[in-house]
Amino acid sequence: MAELVRFEVVDGVGVATLSNPPVNALSAALRAALFGAVKRAEADAAVRALVIAAEGRTFIAGADISEFGKPPASPTLADLVAALDQASKPVVAAIHAAALGGGLEVAMACTARLLGPKASLGLPEVKLGLLPGSGGTQRAPRLMGAAAALRLMVQGDPLPAKAAVEAGLADGIAEGDLVAAARAHAAALAAGPTPKPVSARDEGLGSREAFEAEAAKLAARAKDEPQIADCIACVRACFDMNFTDGVAFERAAFLRLLDDPRSKALRHVFFAEREAAKIAGVPAGTKPREVKRAAVLGSGTMGAGIAMCFANAGIPVRVIETDEAASAKGIERIRGTYEASVKRGSLTAEARDARMALIEGAVGLESAAEADLVVEAIFEDLDLKKQVFATLDRVTKPGTVLASNTSYLDIDAMAAVTSRPGDVLGMHFFSPANVMKLLEIVRAKHTSAEALATAAEVGRKLKKVPVVVGVCFGFVGNRMLAQRSRQAERLLLEGASPAQVDAALTGFGFKMGPFAMTDLAGLDIGWRVRKATGGRAPVADALVEAGRLGQKTQKGFYQYPQGSRTGVVDPEVDALIEKVASAEGVTRRAIDGDEILDRLVLPMVNEGARILEEGIAARPGDIDVVWLNGYNWPAWRGGPMHYADARGLAEVAARLAQFADQTGDESLRPAPLLARLAAEGKGFGSLKAG
């Protein structure tokens, strides 16, 4: 096994260099090796000071979270941090790249921190439902002030080198040889009076009033994210307790959060997103094709948003339309969206101009000839899409990846009209495409491993979260959404109001309920899909036929007086629902909130079980990632499959069976996989990938 920490002495300064690829995570073995290096430097009279440096693409990426929930191995991270804090000789952290979480806690326990120009410092534990658990909530406030430290922890995003130095979190930036500069700094510290450890720098806390003002701003998030409240309490402890008691207070909060179901859900999300990046069936070492130029077919809302994704990532893109007028309108749509960002202050005028320079309007499919990747984003008509793919097969160069942005249509049918089905797949963006993070990559029957790897790599460059799924109507996200929509409609007929149904989901943690969302998108969208596919939704169809299309007509499931964006209950809708229910032969009744929520959520879980059994998704976590990033499922509930596991599949299956008996709707009967796992006392998490 390679040496995890290489120790050498240069001109009386010890240098401990970490080497634990790929990110120098603080595993038990690395902690032990670094602890040993600190003790070795302490014991050697010839060593005046110590520098901690690292090899690889990070300084220290943080604690090894795969060890969470396991018995702590000695030395713990707290032991290592204490050894650094109590060292009798100066210790300088030479941070060349990211120092995150436990990595920054190690650095803050050192006497000083010297950065390379590409360094970044952060405490992202909040994103895992946790807080810094090895003195971070006590040392960061003493370095940068309590208010700024709280903001750093709650936002969870790292500070680049210059900002970290300005904040007081680091001592300076070395433009040349970082380790040499750190050695010189350490030697200078050793030659002077012994510096105070960070733990004793109470004068750095700053104003209590400024901290309380910052805490008040952030406290609203604490209801569903207990780690926020605990971060506030721990930083407040810096003012009210000595350092030792503050660290003990922090540790108790960390251990409490470690066992909190919301924190467990966020940790599940962390691992699920990383697992989703591993594409089942794609051999290790498969190289993606280079994508230097892209083309997007269609410049409507979706096409324009997709084109912006490419431009935002620095990839030149040609937006292709059927005529000059449509092309000009599409380019203006894109320009207008960027202009709105400039007015909001989220984009500079220079960045807008740079991105617009990468977008070119064109007419005719022949304009895609030079593209390395084509994304079709035209109207959802399979025959029309097949015609387009047949033409693309002829006009594009060999090796071009041909992708459809379809929400639900058959990618295999599109691939079949080409001479190169291995190059064809789905790239399903979510609206608004330039904002939403999810990218469903649809693997067709003959899609090659190379094409899949290319789509996934491009997705990451576009700052999306790619998830590979299989071919079926609606893929993963929309197929499950259809079950929720079906039950939402049925609940209206049975006696619930649109406001009750929406309140059940917003109370669960969604930002919007299904009917408010439908009003925002436009009722005519779903109506057109149902007309094309033979589906029906009696209440929604009746609203469309009454001219109620949602916010665009100021009336949908709700009314929107004077163009308001917030809907109000409309008695006309209640009357219409009663009329439709009567025509459908449904006797209405009072329905409580618990039943409404279970009727909306559990059928999605049931459909997820079918999706897993059919191999449409490789892992339960992939389904969760889809719903978290494409449909705003509340992250602290971990996704639908994790939610079902946390609740217990036996209870989920029993509840679904009850609903099937009660309503006569056999689609609610527990799916075979769900029933089997429930009977065996297992969860979806027990399933192997693939």
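Rules of the game
- Residues numbered from 1 in each chain as written.
- Predicted model: local features only at pLDDT ≥ 70, side-chain atom pairs only at ≥ 80, totals over all residues.
- Heavy atoms only, no water.
- Helix = DSSP H or I, 4+ residues; strand = E, 2+ residues; numbered from the N terminus.
- Rg over C-alpha atoms; globule rule 2.2 N^0.38 Å.
- Buried < 20%, exposed > 50% of the residue type's maximum accessible area, 1.4 Å probe, protein only.
- Contact = heavy atoms within 4.5 Å.
- Pairing = 2+ DSSP bridges.
- Axes fitted to C-alpha atoms, helices over the stretch in contact; angles between N-to-C directions.
- Phe/Tyr/Trp six-rings, centres within 6.5 Å; stacked < 30°, edge-to-face > 60°.
- Lys NZ or Arg CZ within 6 Å of the ring centre and 35° of its normal.
- 1 Å grid on protein atoms, 1.4 Å probe; cavity = no way out; pocket = protein on both sides within 12 Å on 5 of 7 lines; lining within 4 Å.
- Points joined across faces, edges and corners; volume = space filled by probe spheres on them.
- Nonpolar A, V, L, I, M, F, W, Y, C, P; charged D, E, K, R; others polar.
- Salt bridge = Lys/Arg side-chain N within 4 Å of Asp/Glu carboxyl O.
- Expected span 1.5 Å × (residues − 1).
- Polar contact = N/O pair within 3.5 Å; in protein donor to acceptor, adjacent residues only side chain to side chain.

Caption draft 1: Layout of the overall build of the protein. In terms of helices and strands, the protein carries 28 helices and 18 strands. Over its C-alpha atoms the protein spans a radius of gyration of 28 Å, differing by no more than 12% from the 26 Å that the globule rule assigns to 690 residues. In terms of overall dimensions, the protein has a C-alpha envelope of 90 × 60 × 55 Å along the principal axes. Within the protein, the fraction of its 690 residues that count as buried is 53%. Across the protein, every contact between residues at least 6 apart in sequence was considered, and the portion connecting residues at least 24 apart equals 72%.

Caption draft 2: Region of the structure containing the sheet that holds strand S15 (residues 401–404). An order of S13-S12-S11-S14-S15-S16-S17-S18 is seen for the 8 strands of this open sheet, with the pairing classed as mixed. Both outer strands of the open sheet, strand S13 (359–363) and strand S18 (465–470), are each paired with one neighbouring strand and no more. Each adjacent strand pair in this sheet contributes to an overall mean axis angle of 25°, direction not counted.

Caption draft 3: Examining the packing of aromatic side chains more closely. This structure, assessed with the given rule, holds 11 aromatic pairs. Where Tyr408 meets Phe473, the ring centres are 4.9 Å apart and the plane angle is 50°; that geometry is what we call tilted. Of this pair, Tyr408 sits in the loop between S15 and helix H16 (411–416) while Phe473 sits in the loop between S18 and helix H18 (477–494), and the two are 65 residues apart along the sequence. Taken together, a centroid distance of 5.3 Å and an interplanar angle of 75° make the contact between Phe430 and Tyr631 edge-to-face. With Phe430 in the loop between strand S16 (424–429) and strand S17 (438–443) and Tyr631 in the loop between helix H25 (620–630) and helix H26 (640–647), this residue pair connects regions lying 201 residues apart in the sequence. What makes Phe430 buried here is its relative accessible area of 6%. Through a chain of ring-to-ring contacts, three or more aromatic side chains come together here, namely Phe508, Phe510, Trp633 and Tyr643. One residue, Arg599, lies across the ring of Phe659, its end atom 5.9 Å from the ring centre.

Caption draft 4: Spatial organisation of the sheet that holds strand S6 (residues 98–100). In spatial order, the strands read S4-S6-S8-S9; together these 4 strands make up an open sheet with mixed pairing. Two strands bound the open sheet, and with one partner strand each, they are strand S4 (58–60) and strand S9 (159–160). Sheet analysis places strand S8 (residues 120–122) next to S9, joined by 2 bridges and oriented antiparallel. Paired with Ser120 across the strands is Pro160, a residue of S9.

Caption draft 5: Representation of empty space enclosed by the protein within the structure. Throughout the structure, instances matching the rule amount to 1 cavity of 30 Å³ or more. Together, Arg293, Ala294, Ala295, Arg318, Ser367, Glu370 and Ala371 line the largest cavity. Grouping the constituent residues of the lining of the largest cavity by class yields 3 nonpolar, 1 polar and 3 charged.

Caption draft 6: Structural context of the pattern of salt bridges. Applying the stated rule across the entire model yields 52 salt bridges. Between Arg151 and Glu214 there is a salt bridge, with its nearest N and O atoms 2.8 Å apart. Linking Arg151 in helix H5 (residues 146–155) with Glu214 in helix H8 (residues 208–218), this pair joins segments that are 63 residues apart in sequence. Judged by relative accessible area, which is 32%, Arg151 ranks as partly exposed. As a salt-bridge pair, Asp661 and Arg669 come within 3.0 Å of each other at their nearest N and O atoms. Where salt bridges share partners, they join Arg490, Glu494, Arg589, Glu595 and Arg599 into one cluster.

Caption draft 7: Spotlight on helix H7 (residues 178–191). The end-to-end C-alpha distance of H7, which contains 14 residues, comes to 20 Å, matching closely the 20 Å that a straight helix rising 1.5 Å per residue would cover. Turning to H7, its buried residues are Leu178, Ala182, Ala186 and Ala187. At its buried positions, H7 is contacted by strand S2 (13–18), strand S3 (49–54), strand S5 (91–95) and strand S7 (112–115). Residue Asp177 occupies the N-cap position of H7, its side-chain oxygen lying 3.2 Å from the main-chain nitrogen of Val179.

Caption draft 8: Layout of unusual backbone geometry. Cis peptide bonds are those with omega within 30 degrees of zero, and the linkage from Pro21 to Pro22 qualifies with 0°. Inspection of the secondary structure assignment puts Pro22 in the loop between S2 and helix H1 (28–43). Going from Ser74 to Pro75, the amide bond is cis rather than trans, its omega being -5°. Mapped onto the elements, Pro75 comes out in the loop between S4 and helix H2 (77–85). For Gln554, which is not glycine, the phi dihedral falls at a positive 65°. Structurally, the position occupied by Gln554 is in the loop between helix H22 (538–545) and helix H23 (571–583). Its relative accessible area of 39% is what places Gln554 among the partly exposed residues.

Caption draft 9: Examining the side chain of Glu376 more closely. Take Glu376: it is sitting in strand S14 (residues 373–376). A relative accessible area of 0% means that Glu376 is categorised as buried. Reaching out from Glu376, the side chain makes a polar contact with the side chain of Ser404 at a distance of 2.5 Å. Discounting chain neighbours no more than four positions away, the residues touching Glu376 are Leu297, Lys385, Val388, Phe389, Ala403, Ser404, Asn405 and Met414.

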